[in-house]
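An overview of the molecular structure
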Amino acid sequence: GAVVSQHPSWVICKSGTSVKIECRSLDFQATTMFWYRQFPKQSLMLMATSNEGSKATYEQGVEKDKFLINHASLTLSTLTVTSAHPEDSSFYICSASRPGLAVYEQYFGPGTRLTVT
Amino acid sequence: AQKVTQAQTEISVVEKEDVTLDCVYETRDTTYYLFWYKQPPSGELVFLIRRNSFDEQNEISGRYSWNFQKSTSSFNFTITASQVVDSAVYFCALGNLQGGSEKLVFGKGMKLTVNP
């Protein structure tokens with residue numbers, strides 16, 4: 001099956017710093033990638049939809065200046081949490097949509113656990 | 001608005017018991033997709049099944065089975081003869097095409113604990 005990787009798998013950073021999380025589709029080209037956030041014991045909430053070569057579409061309530069998303073190539077999307085604060089501590093999961101196949105062939109990465117101290 | 005309700009938040013069973021995880025969805029779309037995912041403690045989502053709105057056939061895969069009923073907007077998931085390895089959080093999700101984007105809306109998840 002298709003593989004999506006995320007790097008790093010976990011990161012601890014100090015409040016006020018920025019953190020970049022990478023999402024890569026390893027064996028297919030993904031025109032669309034999605035970023036989700038999951039707080040402990042809660043569900044996944046879609047943050048934004050990222051299309052290669054264009055600006056990301058953010059869900060209501062998600063600050064686009066705080067969560068910068070770049071989808072520079074068909075295999076890589078990055079999420080940068082700028083000026084991180086403890087409330088940004090969460091599990092961030094990306095998924096990649098594989099074009100040309102049945103709708104919703106969406107493959108999830110293993111997630112990145114961010115802890116802001 | 002799209003919505004997925006998993007009324008059960010946590011279930012604990014003893015190994016070999018059967019367990020059913022309920023999922024009720026809301027959508028105004030005629031074309032949509034329903035999913036079940038498993039999230040073990042490691043955090044990685046494991047895809048279990050995708051069903052489109054035009055296919056109401058129930059499905060069985062080993063110890064897993066799914067019952068899709070459009071009349072009640074439900075897509076329930078049954079694990080037969082549960083095993084300790086089935087312990088995880090299970091999410092039901094609804095997908096539709098909004099503005100050409102394949103968005104997924106997840107339920108709150110149901111934590112299943114299977115005790116030996």
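Described in the following lines is the structure provided in the data block. (Residues numbered from 1 in each chain as written. Chains lettered and ligands numbered in written order. Predicted model: local features only at pLDDT ≥ 70, side-chain atom pairs only at ≥ 80, totals over all residues. Heavy atoms only, no water.)

**Side note on the overall build of chain B**
Counted only if it meets this: Helical segments are the DSSP runs of H or I of at least four residues, strand segments are the runs of E of at least two, and each set is numbered from the N terminus. Radius of gyration: over C-alpha atoms. The globule rule applied is 2.2 Å multiplied by the number of residues raised to the 0.38 power. Residue burial is assigned from relative accessible area. The probe radius is 1.4 Å, only protein chains are included, and a residue is buried under 20% of its type maximum, exposed over 50%, and partly exposed in between. Whether two residues are in contact is decided by their heavy atoms: any pair within 4.5 Å suffices. All accessibility values rest on the Shrake-Rupley procedure with a 1.4 Å probe; residue burial counts only the protein chains present in the view. For the purpose of charge, His is not counted, nor are the chain termini; Lys and Arg are scored as positive and Asp and Glu as negative. The atom standing in for a charge is NZ when the residue is Lys, CZ when it is Arg, CG when it is Asp and CD when it is Glu.
When helices and strands are tallied, chain B shows 0 helices and 12 strands. For 116 residues, the compact-globule estimate of 2.2 N^0.38 gives 13 Å, and chain B sits close to it at 14 Å. The principal-axis extent of the C-alpha atoms belonging to chain B is close to 45 × 30 × 20 Å. Burial status across chain B gives 44% buried among its 116 residues. A separation threshold of at least 6 residues defines the contact pool for chain B, and within that pool the share at least 24 residues apart is 56%. Of the accessible surface of chain B, which amounts to about 5800 Å², a share of 49% is contributed by carbon and sulfur atoms. Side-chain charges of chain B comprise 11 positive and 13 negative groups, with the mean position of each set lying 4 Å from the other.

**What to know about unusual backbone geometry**
With an omega of 0 degrees, the peptide bond between histidine 7 of chain A and proline 8 of chain A qualifies as cis. Along the chain, proline 8 of chain A falls in the loop between strand E1 (4-7) and strand E2 (10-13). A positive phi angle, close to 60 degrees, is found at lysine 41 of chain A, a residue other than glycine. As for its position among the elements, lysine 41 of chain A is in the loop between strand E4 (32-38) and strand E5 (44-51). Assessed through its relative accessible area of 87%, lysine 41 of chain A is described here as exposed. Of note, alanine 81 of chain B is a non-glycine position whose phi angle comes to about 50 degrees, a positive value. For alanine 81 of chain B, a relative accessible area of 30% corresponds to the partly exposed category.

**What to know about the packing of aromatic side chains**
Residues and elements named next belong to chain A. Filter applied, for reference: We call Phe, Tyr and Trp rings a pair once their centres come within 6.5 Å, taking the six-membered ring for Trp, and we label the pair stacked below 30 degrees between planes, edge-to-face above 60, and tilted otherwise.
For the structure shown, the criterion picks out 18 aromatic pairs over all chains. Consider the rings of phenylalanine 67 and tyrosine 92, whose centres lie 6.4 Å apart with planes at 45 degrees: the pair is tilted. Residue phenylalanine 67 is found in strand E7 (residues 67-73), and its partner tyrosine 92 is found in strand E9 (residues 90-97); the two are separated by 25 residues along the sequence. Classification of phenylalanine 67 as buried rests on a relative accessible area of 3%. Classification of tyrosine 92 by relative accessible area gives buried; the value is 0%.

**Notes on the interface of chain B and chain A**
Using the following cut-off: Throughout, the accessible surface (probe 1.4 Å) given up by two parts as they are put together, summed over both, is called the buried area. Throughout this description, the term salt bridge denotes a Lys or Arg side-chain nitrogen within 4 Å of a carboxyl oxygen of Asp or Glu. Identification of polar contacts relies on pairs of N or O atoms within 3.5 Å, with a donor-acceptor requirement for protein atoms, meaning one able to donate a hydrogen and the other able to accept it, and with residues adjacent in sequence counted only if both atoms are side-chain atoms.
Each side of the interface is counted separately: chain B has 19 residues, and chain A has 20 residues. Summing both partners gives a buried area of about 1700 Å² for chain B against chain A, and 54% of it is carried by carbon and sulfur. Counting across the interface, chain B meets chain A through 1 salt bridge. Of the charged contacts, one joins lysine 103 of chain B and glutamate 59 of chain A as a salt bridge, the two residues approaching to 2.6 Å between their closest N and O atoms. Here chain B is connected to chain A by 3 residue pairs in polar contact (both at pLDDT 80 or more). Breaking the side of chain B that touches chain A down by element, the ones donating at least two residues are strand E5 (33-39), strand E10 (88-98) and strand E11 (101-106) of chain B.

**Observations concerning the side chain of serine 25 of chain A**
With respect to the secondary-structure elements, serine 25 of chain A resides in strand E3 (residues 19-25). Once residues lying within four places of it in the same chain are set aside, the contact partners of serine 25 of chain A are Val3, Val4, Ala30, Met33, Leu74, Thr75 and Ala96 of chain A.

**Concerning the pattern of salt bridges**
Throughout the structure, instances matching the rule amount to 6 salt bridges over all chains. Through salt bridges with shared partners, one network takes in Arg51, Asp55 and Glu59 of chain B.

**Let's talk about the sheet that holds E7 of chain A**
Residue and element names in this part refer to chain A. The criterion, for reference: Strands pair, by our definition, only if DSSP identifies at least two bridges between them. Fitted lines through C-alpha atoms serve as axes, helices being fitted only where they are in contact, and the angles separating the N-to-C directions of these axes extend from 0 to 180 degrees.
The strand order across the open sheet formed by 4 strands is E1-E3-E8-E7, and the pairing between neighbours is antiparallel. The sheet is open, and its two edges are formed by E1 and E7, each paired on a single side. Across the sheet, the axes of successive neighbouring strands diverge by a mean angle of 15 degrees, strand direction being ignored. In this structure, E3 lies alongside strand E8 (residues 76-81), joined through 6 bridges in antiparallel fashion. In the sheet register, cysteine 23 faces E8, and the bridge partner there is serine 77.

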